[in-house]
Amino acid sequence: IESNMFNGCVNLSNVDISNSVEYFGQFCFAKCNKLTTIIIPNETAKLDFSSFEDCVNLETVVLPKKLTVLGTGLFSGCTKLKNIELPESVTEIGDFAFTNCESLVSVALPESLNSISNWLFGSCLNLQSVIIPDSVTSIGDSAFFDCHKLKSLLVPDSVTSIGGYAFSGCDS
């Protein structure tokens, strides 16, 4: 799906995507305000920069087992996204991928991930629990900035670098 293909289609509420789709371009579904559910086809390996940014009513996302890359800002501003199951195939999650996902409550990061990017969960106001696998060696700047309700987070011994403001504003 090409970049900006459906960007700003504010009344788009349902999308049936062919299983042959392997790639989602930049901003391809950004600002589709009525979109509530998206099922990513099994052949998709990469979701590019801000593909679903500011889909404010997006609640459910089903990711395929072959997915390796979640682009920068991918779900940023998806304020109703409550849960996301990341497949073990994911090796890269870009900066700001879940920033401002205000309804997100818990996340288990896959063992295939080596780093937590900058602002990954910044301003996820209701995030309470994150499982960080032993494969992670670094946590980026402001990764959990303003996650006011974060109560459960164990930083494994494998982490050798924690960026500035990584946990700033985590009141709990």
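To keep things clear, this report deals only with the structure shown in the data block. (Residues numbered from 1 in each chain as written. Predicted model: local features only at pLDDT ≥ 70, side-chain atom pairs only at ≥ 80, totals over all residues. Heavy atoms only, no water.)

Attention shifts here to a negative patch on the surface. Taken together, the side chains of Glu88, Glu111, Asp134 and Asp157 define an acidic patch exposed on the protein surface. Mapped onto the elements, Asp157 comes out in the loop between strand 11 (152-153) and strand 12 (161-162). (Patch = residues over 30% accessible without salt bridge, like charges linked within 9 Å, V, L, I, M, F, W, Y side chains within 5 Å. Areas by Shrake-Rupley, 256 points an atom, 1.4 Å probe, with all protein chains shown as cover. Salt bridge = Lys/Arg side-chain N within 4 Å of Asp/Glu carboxyl O. Lys, Arg positive; Asp, Glu negative; His and termini not counted. Charge placed at Lys NZ, Arg CZ, Asp CG, Glu CD. Helix = DSSP H or I, 4+ residues; strand = E, 2+ residues; numbered from the N terminus.)

Glancing now at the side chain of Ser123. Positionally, Ser123 belongs in the loop between strand 8 (115-116) and strand 9 (129-131). Accessibility expressed as a relative area gives 14% for Ser123, which makes it buried. (Buried < 20%, exposed > 50% of the residue type's maximum accessible area, 1.4 Å probe, protein only.)

Bringing unusual backbone geometry into the picture now. The general pattern is negative phi for most residues beyond glycine and trans for most peptide bonds. Positive phi, normally seen in glycine, also occurs at Trp119, with a value near 55°. Position of Trp119 relative to the elements: it lies in the loop between strand 8 and strand 9. Trp119 sits in the partly exposed class, given a relative accessible area of 25%. Positioned with a positive phi, Tyr165 is a non-glycine residue whose angle comes to about 60°. Take Tyr165: it is sitting in the segment after strand 12. The class for Tyr165 is exposed, based on a relative accessible area of 62%.

A few words now on the nonpolar core. One finds Phe52, Phe75, Phe98, Phe121 and Phe144 to be the most contacted residues of the largest nonpolar core, which totals 48 residues. For Phe75, the contacting residues outside a window of four places in its chain are Phe52, Leu58, Val61, Leu81, Ile84, Ala97, Phe98, Thr99 and Cys101. (Core = buried A, V, L, I, M, F, W, Y, C linked by side-chain atoms within 4.5 Å. Contact = heavy atoms within 4.5 Å.)

Let's shift gears to the sheet that holds strand 10 (residues 138-139). One open sheet holds the three strands; their spatial order is 8-10-12, and the pairing between them is parallel. In the strand order of this sheet, the two ends are held by strand 8 and strand 12, each with one partner. Alignment of strand 10 against strand 12, held across two bridges, turns out to be parallel. Its bridge partner being in strand 12, Ser138 is matched across the sheet by Ser161. (Pairing = 2+ DSSP bridges.)

Counted under the stated rule, the structure contains 12 aromatic pairs. Ring plane angle 10° and centroid distance 5.6 Å describe the contact between Phe98 and Phe121, whose orientation is recorded as stacked. In this pair, Phe98 is assigned in the loop between strand 6 (92-93) and strand 7 (106-108) and Phe121 in the loop between strand 8 and strand 9, connecting sequence segments 23 residues apart. An identical accessibility class is assigned to Phe98 and Phe121; each is buried. Between Phe121 and Phe144, the ring centres sit 5.6 Å apart and the planes meet at 20°, which makes this aromatic pair stacked. Of this pair, Phe121 sits in the loop between strand 8 and strand 9 while Phe144 sits in the loop between strand 10 and strand 11, and the two are 23 residues apart along the sequence. Of the aromatic side chains, those joined through ring pairs into one cluster are Phe6, Phe24, Phe29, Phe52, Phe75, Phe98, Phe121, Phe144 and Phe167. (Phe/Tyr/Trp six-rings, centres within 6.5 Å; stacked < 30°, edge-to-face > 60°.)

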